[in-house]
Amino acid sequence: QVQLVESGGGLVQPGGSLRLSCAASRITFNIYTMGWYRQAPGKEREGVSCISSSGGVTNYADSVKGRFTISRDNAKNTLYLQMNSLRPEDTAVYYCAASCVVADLDEKLYVGFWGQGTQVTVSS
């Protein structure tokens, strides 16, 4: 079975930074687009960012542009999300996913595999 395991979440003060990682196994990692999604309590799951299989093309939700950076290391089968200038509204469970649509972050039905999620809490 394909496995995606997120790590790096935690509690951080507003304005702080975190780096999330997603380790993939039992998957031909370098042929999949990869993305990050998040879900806050009582809210729909939303797309945060998506990256092409080679890492050459990226897309971000308007709410995180200029603050978050998605990247991948295909040699390590690992996806990353660098999160800077964090705000309380960024608080959510963050999920790693495979087969996102780079041009449309809302196309969740194209996701083939999900990680278990990691909690990010931004609070003073």
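Above this text you will find the structure in question.
Residues numbered from 1 in each chain as written. Predicted model: local features only at pLDDT ≥ 70, side-chain atom pairs only at ≥ 80, totals over all residues. Heavy atoms only, no water.

K.L.:
I'd like to hear about unusual backbone geometry, residue by residue, with values.
P.N.:
Positive phi values are uncommon outside glycine, yet Arg26 reaches one of about 60 degrees. With respect to the secondary-structure elements, Arg26 resides in the loop between β3 (18-25) and β4 (34-39). We classify Arg26 as exposed; its relative accessible area is 65%. Notably, Ser99 is not glycine yet its phi reads approximately 75 degrees, a positive angle. (Helix = DSSP H or I, 4+ residues; strand = E, 2+ residues; numbered from the N terminus. Buried < 20%, exposed > 50% of the residue type's maximum accessible area, 1.4 Å probe, protein only.)

K.L.:
Can you break down the pairing of strand β7 (residues 68-73) residue by residue, with the values?
P.N.:
Within a regular strand, the side chains alternate between the two sheet faces. Every second residue of β7 is oriented toward a common face, the buried set being Phe68, Ile70 and Arg72 and the non-buried set Thr69, Ser71 and Asp73. Pairing geometry for β7 and strand β8 (residues 78-83), over six bridges, is antiparallel. Within β8, the position partnered with Ser71 by the bridge is Tyr80. Two successive antiparallel strands, β7 and β8, enclose a turn made up of four residues, where Asn77 displays a positive phi of approximately 55 degrees. (Pairing = 2+ DSSP bridges.)

K.L.:
Can you explain the sheet that holds strand β1 (residues 3-7)? Please cite residues and give values.
P.N.:
Taken in spatial order, the four strands make up an open sheet running β1-β3-β8-β7, and their pairing is antiparallel. Unpaired on one side and paired on the other, β1 and β7 mark the two borders of the sheet. Across this sheet, the average inter-strand angle for adjacent strands is 15 degrees, counted without regard to direction. (Axes fitted to C-alpha atoms, helices over the stretch in contact; angles between N-to-C directions.)

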